[in-house]
Amino acid sequence: FYRRSPTLFKLSRLNNNNYMWCRCSSFPLKRVVGRYFATLGNDPICELASSTLRYGPSSTSEVGHDLAYMNAKRILLFLDPYVASLHPFDNVVSSIERYAPAGHVLDIYDNIRIEPNNDSFKHAIEFMTEKTKDHGSYDAIIALGGGSTIDTAKAANLYTCYPPEDFYDYVNPPLGKGLTVPGPITPLIAIPTTSGTGSETTGVAIFDDVPTKSKTGIAHRRLKPTLGIVDPDNMKSMPSVVAKYSGIDVLCHALESYTAIPYTARPSGRPASPILRPAYQGSNPISDIWSLHALRECSQYLPRIVSDPVEDYEARAKMCLAASTAGLGFGNGGVHLCHGMSYAVASQVKKYWVNGYPKLNFDANGHGLVPHGLSVVINAPSVFRFTGNLDKNDPLQKYSADRHVECAMILSNARLQRRENTVQDSPSERAMKDQPGDALANEILELMHDLDIPIGIRSLGYSEIDVEELAKGTLPQHRVTKLSPRQPVELDELANLFKDALDM
């Protein structure tokens, strides 16, 4: 549908029942592509906020021109230490030396923690703050690396430009105050070297909060990078295991954004000012386009990039763009329970570590590491069984159930193509509609099996005795749990979800 229609959506309100309908003007009116059931007081408006994106091979080499255009003479580069020995770093430095204004100064911060926490954020903030005090403000910041690097740069930038009284002032409630960013921050150019987080498009910086054994973040539109440079060549040196777990994060971004509660049914309703509209608005016609694109591309090309990230250029090109389009989707639509639960799984893990991920600094606490994508997808079958088990007599819940079926069909078709099976090996659409949650959960499990991804959080070292703490660690994630299409999601529901996620 989305590929056929050059004219996307028209919105109209039906006065007799306060429904919001989204119709495609290129199709007959009876072809309804979504119902957004708006009641009085809810928000009838959605919006798209994003960084400028530049996409294509060798696009990294243009970063020096951008600095020249900004007349940026004081430059701070946040750098994944693993990337320091690879060609993307050489390309960035070469471009800066060749094109940046004469007399420029380049400082480098490479003490990035994979899966950053409050301590690693503070370390980066202190570095940038001290450099600024000693030599003046930076004109531009570059973040070269994965989501951990880009998120660390966002936090350091904000806290240096507008130092708060307390570290948690900008942190999302209920752990922090969620204060609004007071004004513009230093221009940030994000150059991802993994195909996963989509952080180059979003205004979110995520970190582990060590004191509470939970994961939280800072979210504001002003945190969005000024420019995201998406260069398939930068992913050529990405290890297969990193391609796998960053890529599966793309898949979950797309699934969660597309199945999130509709923006018109968001509990917070219409804000008093558009400036106060949350970044995570709920599924909406704009985000849907990007999320479905990412889902289709990821379901087809993720297994290929995992198999051969070096030589399969097409897979690299498709996956790095899918990561960004998924970022456009979830950066405005939001994610829900898979990510909400992942924060507790990642922050409370003890000894688990994935081979292929380096053990770097800030791990004095003996904390293990679950790659972010793994911590998300390992909960996904449990989540979608829950969110897809809906009352189909309720129009809003039927709308959500149909979206679960649509996602399951996309994954099923990609699986059949991948395995060169016949259509008879796939469940029928009617069978999927009977059990939408199970259908989507089963397709995710099939993909996890094909990619050799661990099944169940027991494989990460968790057991029944950990369920309560995991649920408590997820409960504060209101910003995402409230976007689940099935409500309520309180402590009992979360505990049951984690019990189901132990083994699956």
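Residues numbered from 1 in each chain as written. Predicted model: local features only at pLDDT ≥ 70, side-chain atom pairs only at ≥ 80, totals over all residues. Heavy atoms only, no water.

**Considerations on the side chain of Glu115**
To keep things clear, this is the line we draw: Here a strand is any run of E in DSSP of at least two residues, a helix any run of H or I of at least four, and the numbering for each starts at the N terminus. Pairing of N or O atoms within 3.5 Å defines a polar contact, subject to two protein rules: one partner must be a possible hydrogen donor and the other a possible acceptor, and residues neighboring in sequence count only if both atoms are side-chain atoms.
Relative to the helices and strands, Glu115 is located in the loop between strand 6 (105-109) and helix 3 (118-135). Looking at Glu115, its side chain comes within polar contact range of the main-chain nitrogen of His372, at 3.0 Å.

**Some words on helix 16 (residues 491-501)**
Put simply, the test is: Note on classification: 1.4 Å probe, protein chains only; a residue is buried when its accessible area is under 20% of the maximum for its type, exposed when over 50%, partly exposed between these limits. In this description, the arc belongs to the directions extending from the helix axis to the C-beta atoms. Any pair of residues with heavy atoms lying within 4.5 Å of one another is described as a contacting pair.
Residues of helix 16 that are buried include every one of Leu494, Ala495, Leu497, Phe498 and Ala501, and no others. What you see down the axis of helix 16 is that its buried residues fit within an arc of 160°, all on one side. Turned more than 90 degrees away from the buried face of helix 16, the exposed residues are Asp492 and Lys499. On its buried side, helix 16 packs onto helix 8 (337-348), helix 10 (380-387) and helix 14 (467-474).

**Concerning the packing of aromatic side chains**
Short version of the rule: Note on aromatic contacts: the rings of Phe and Tyr and the six-membered ring of Trp form a pair at centre separations within 6.5 Å, being stacked when their planes are under 30 degrees apart, edge-to-face when over 60 apart, and tilted otherwise.
On inspection of all chains with the given rule, the structure shows eight aromatic pairs. Both rings, one in Tyr109 and one in Phe127, keep their centres 5.0 Å apart while their planes meet at 50°; by these two values the pair is tilted. Taken together, the residues Tyr109 in strand 6 and Phe127 in helix 3 connect sequence positions 18 residues apart. Its relative accessible area of 3% is what places Tyr109 among the buried residues.

**Description of the side chain of Lys215**
By secondary structure assignment, the location of Lys215 is in strand 10 (residues 214-219). Within the structure, Lys215 has its side chain in polar contact with the side chain of Glu115 (distance 2.8 Å). Residues within four places of Lys215 in sequence aside, it is in contact with Glu115, Ile206, Phe207, Asp208, Asp209, Tyr343, Ala346, Ser347 and Gln477.

**Quick word on unusual backbone geometry**
Between Pro173 and Pro174 the backbone carries a cis peptide bond, its omega angle lying at 5°. In this structure, Pro174 sits in the loop between helix 4 (147-161) and strand 8 (188-192). Although it is not a glycine, Glu115 sits at a positive phi angle of roughly 60°.

**Some thoughts on the confidence of the model for the protein**
The following threshold applies: Per-residue confidence from the prediction method is given by pLDDT, with values spanning 0 to 100.
Residue-level pLDDT values for the protein average 89, and 89% of them are 70 or greater. For residues 1-40, every residue scores under 50 in pLDDT, and the model assigns this stretch 83 contacts once sequence neighbours within four places are set aside.

**Some details on the pairing of strand 5 (residues 74-79)**
Filter applied, for reference: Pairing between two strands requires that DSSP report at least two bridges joining them. If you view a crossover with the strands going away from you and the path from the first strand over the helix to the second runs clockwise, you call it right-handed.
For strand 5, a buried count of six out of six residues is recorded, marking the element as mostly surrounded by other parts of the structure. What you see with strand 5 is no split at all: Arg74, Leu76 and Phe78 on one side and Ile75, Leu77 and Leu79 on the other are buried throughout. Sheet topology note: the strand 5/strand 6 ladder contains five bridges and is parallel. In the strand pairing of strand 6, Phe78 is matched with Tyr109. Note on the crossover from strand 5 through helix 2 (residues 87-99) to strand 6: the handedness is right-handed.

**Here we look at helix 10**
Burial analysis of helix 10 places seven of its eight residues in the buried class, the great majority of the element. Those residues of helix 10 not exposed but buried are Ala380, Pro381, Ser382, Val383, Phe384, Phe386 and Thr387. The inward-facing, buried residues of helix 10 abut helix 5 (240-259), helix 8, helix 9 (372-377), helix 11 (395-419), helix 13 (436-450) and helix 16.

**Topic: the pattern of salt bridges**
Any two side chains of opposite charge can pair, so long as their charged atoms come close to each other. This is how the line gets drawn: Whenever Lys or Arg places a side-chain nitrogen within 4 Å of a carboxyl oxygen from Asp or Glu, that contact is recorded as a salt bridge.
Across all of its chains, the model carries 26 salt bridges by this definition. With its nearest N and O atoms 2.8 Å apart, the salt bridge here joins Asp43 to Arg277. Note that Asp43 is positioned in the loop between strand 3 (32-37) and strand 4 (52-55) and Arg277 in the loop between helix 5 and helix 6 (285-307), a separation of 234 residues in sequence. Overall, the relative accessible area of 0% leaves Asp43 in the buried class. Arg418 serves as the salt-bridge partner of Asp450, at 3.0 Å between the closest nitrogen and oxygen. Of this pair, Asp450 sits in helix 13 while Arg418 sits in helix 11, and the two are 32 residues apart along the sequence. By relative accessible area, Asp450 is classed as partly exposed at 32%. What you see here is one network of salt bridges that share partners, running through Asp43, Glu47, Arg221, Arg266 and Arg277.

**As for the nonpolar core**
This is how the line gets drawn: Among buried residues, the Ala, Val, Leu, Ile, Met, Phe, Trp, Tyr and Cys ones that are joined through side-chain atoms within 4.5 Å form a nonpolar core.
Judged by nonpolar contacts, the single largest core of 75 residues is most densely connected at Ile248, Tyr357, Leu374, Ile444 and Phe498. Ranked by residue count, the leading element in this core is helix 5, at 11 residues. Leaving out residues up to four positions away in the same chain, Tyr357 has contacts with Ile114, Val241, Val242, Tyr245, Leu369 and Pro371. Counting residues in hydrophobic clusters, the runner-up holds 29 residues, among them Tyr109, Ala156, Ile185 and Leu188.

**Remarks on the environment of Leu255**
Counting through the fold element by element, Leu255 comes out in helix 5. On the basis of relative accessibility, which here comes to 0%, the residue Leu255 falls in the buried class. Taking the C-alpha atoms as reference points, Leu255 and Leu292, separated by 37 residues in sequence, lie 8.2 Å from one another. Excluding its chain neighbours within four sequence positions, the residues that come into contact with Leu255 are Leu295, Phe384, Cys407, Leu440 and Ile444.

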